[in-house]
Amino acid sequence: MAYATLAGGCFWCLVKPFNEFPGIIEVTSGYSGGHTENPTYEEVCTNQTGHVEAVQIEYDEEDTDFESILNIYFKTFDPTDNRGQFFDRGESYEPVIFYHDEDQKETAINKINQLNEQQIFDKPIITPVKPYKNFYPAEEHHQDYYLKNPAHYQGYQQGSGRKAFIEKYWGR
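If you're wondering where the values come from, they're calculated on a predicted model, not measured in any experiment. (Residues numbered from 1 in each chain as written. Predicted model: local features only at pLDDT ≥ 70, side-chain atom pairs only at ≥ 80, totals over all residues. Heavy atoms only, no water.)

Describing the nonpolar core
Phase 1: Judged by nonpolar contacts, the single largest core of 38 residues is most densely connected at Ile57, Phe74 and Ile97.
Phase 2: Apart from the residues within four sequence positions on either side, Ile57 is in contact with Ala2, Tyr3, Ala4, Leu6, Phe18, Ile24, Glu26, Val27 and Ile69.
Phase 3: Counting residues in hydrophobic clusters, the runner-up holds six residues, among them Ala7, Ala54, Val96 and Phe135. (Core = buried A, V, L, I, M, F, W, Y, C linked by side-chain atoms within 4.5 Å. Buried < 20%, exposed > 50% of the residue type's maximum accessible area, 1.4 Å probe, protein only. Contact = heavy atoms within 4.5 Å.)

Structure (structure tokens):
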């Protein structure tokens, strides 16, 4: 088994795309990269803990790989905005790829370069690639939010501008 830890704004919006992908064992919403141990949602939202909302993806390397996970990841958020995502602003909503080893780091940098060369977006990708430091699972009511609160989740996707952005650049 292997892990990918990715931030792309609200963690609710990063779970569903991965849960539907072969080779994914589990997707956990949580907080990554900060200096506070076991932070709460309320603490992370103050932008004082150094954490970003993130997902940690456990996957089977025999069924998928990190590059395939990045292919999904880059279709879930705006990688040209590093000040938050859509109407969620501030450091806790910044996108980050946290690499667990040098292969993941190299794969992430290569994927960013490839997407920039393709000029898919109106601006260059500026999503940082940082070493994995930590991950703390979010509170239970944040796990699989799209299943627990589908109407609110869909409204959030639409109202935040995330859905329109994804459709503009990826056609879905």
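Looking at the sheet that holds strand β1 (residues 2-7)
Either a parallel or an antiparallel arrangement is found when strands of a sheet pair, and the pairing is made through backbone hydrogen bonds.
Phase 1: Spatially, β7-β6-β1-β3-β2-β8 is the arrangement adopted by the six strands of the open sheet, whose pairing is mixed. A strand with exactly one partner marks an edge of an open sheet, and here the two such strands are β7 (129-131) and β8 (135-137). Averaged over all adjacent pairs, the angle separating strand axes in this sheet is 35°, with direction ignored.
Phase 2: Sheet contacts for helix α3 (residues 66-73): β1, β2 (24-32), β3 (52-59) and β6 (96-99); angle to β1, the most-contacted strand, approximately 25°.
Phase 3: Together, β1, β3, β6 and β7 form the strand contacts of helix α4 (residues 102-118), whose direction differs from that of β6 by roughly 150°. (Pairing = 2+ DSSP bridges. Helix = DSSP H or I, 4+ residues; strand = E, 2+ residues; numbered from the N terminus. Axes fitted to C-alpha atoms, helices over the stretch in contact; angles between N-to-C directions.)

Digging into the pattern of salt bridges
Phase 1: Counted by the stated rule, this structure contains five salt bridges.
Phase 2: Where Lys148 meets Glu140, a salt bridge forms, and the shortest distance between an N and an O atom there is 3.2 Å.
Phase 3: What makes Glu140 exposed here is its relative accessible area of 58%.
Phase 4: Close ionic contact of Lys163 with Glu167 constitutes a salt bridge, the shortest N to O distance being 2.8 Å. With a gap of four residues between them, Lys163 and Glu167 both fall in helix α7 (residues 162-170), about one helical turn apart. (Salt bridge = Lys/Arg side-chain N within 4 Å of Asp/Glu carboxyl O.)

Remarks on the pairing of β3
Phase 1: Counted residue by residue, β3 has eight buried out of eight residues, so it is predominantly covered.
Phase 2: Residues Val52, Ala54, Gln56 and Glu58 of β3 are buried on one face, and the alternating residues Glu53, Val55, Ile57 and Tyr59, pointing to the opposite face, are buried as well.
Phase 3: Alignment of β1 against β3, held across five bridges, turns out to be antiparallel. Note on β3: the bridge partner recorded for Ala4 is Ile57.
Phase 4: Of the pairings in the sheet, the one linking β2 to β3 comprises eight bridges and is antiparallel in character. Note on β3: the bridge partner recorded for Gly30 is Ala54.

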